[in-house]
Amino acid sequence: MEVGHAGQNTHLQAVALGLANVEVGAFRDEEVRIVLGVAGEVKTLYILPLGKPR
Ligand SMILES: Cc1cc2nc3c(=O)[nH]c(=O)nc-3n(C[C@H](O)[C@H](O)[C@H](O)COP(=O)(O)O)c2cc1C
């Protein structure tokens, strides 16, 4: 539920700033932790990429 709240707020703020945002819930957990440099420290639940709309 908390990550859903964070996702909703990210979407709302992205729209307010004229940005695009999607949610990604399927990814290789360990590879994401390695890329972020947080291996073993945190559990990744959600990826919220931000970008410029087409
Ligand atoms: C809970 C949730 C999880 C999602 N996970 C993925 C995902 O893992 N991979 C993916 O391609 N899209 C995922 N989506 C869909 C994307 O967020 C997005 O809506 C989709 O890529 C369509 O984008 P578009 O309308 O810009 O083409 C998920 C959507 C929700 C609501």
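Just above sits the structure.
Residues numbered from 1 in each chain as written. Predicted model: local features only at pLDDT ≥ 70, side-chain atom pairs only at ≥ 80, totals over all residues.

Draft legend 1. Inspection of the overall build of the protein chain at higher detail. If you tally the helices and strands in the protein chain, you get two helices and two strands. For the protein chain, the C-alpha radius of gyration of 13 Å lies well beyond 10 Å, the compact-globule estimate for 54 residues. Each principal axis of the C-alpha distribution contributes one length, and for the protein chain these read about 35 × 25 × 15 Å. Expressed as a percentage of its 54 residues, the buried residues of the protein chain come to 0%. (Helix = DSSP H or I, 4+ residues; strand = E, 2+ residues; numbered from the N terminus. Rg over C-alpha atoms; globule rule 2.2 N^0.38 Å. Buried ≥ 20, exposed ≤ 12 C-beta atoms within 10 Å, placed from the backbone.)

Draft legend 2. Structural view of the site of the ligand. Around the ligand, a shell composed of Val22, Glu23, Val24, Gly25 and Ala26 is seen. Across the shell around the ligand, the residue classes tally to three nonpolar, one polar and one charged. (Near = placed C-beta within 6 Å. Nonpolar A, V, L, I, M, F, W, Y, C, P; charged D, E, K, R; others polar.)

Draft legend 3. The environment of leucine 48, seen in detail. Positionally, leucine 48 belongs in the loop between α2 (29-36) and β2 (50-51). Along the chain, leucine 48 and glutamate 23 lie 25 residues apart, while their C-alpha atoms are 4.9 Å from each other.

Draft legend 4. Quick look at helix α1 (residues 2-16). Here α1 spans 21 Å end to end across 15 residues, near enough to the 21 Å set by a 1.5 Å rise per residue. In terms of residue burial, α1 counts as a barely covered element, since only zero of its 15 residues are buried. (Expected span 1.5 Å × (residues − 1).)

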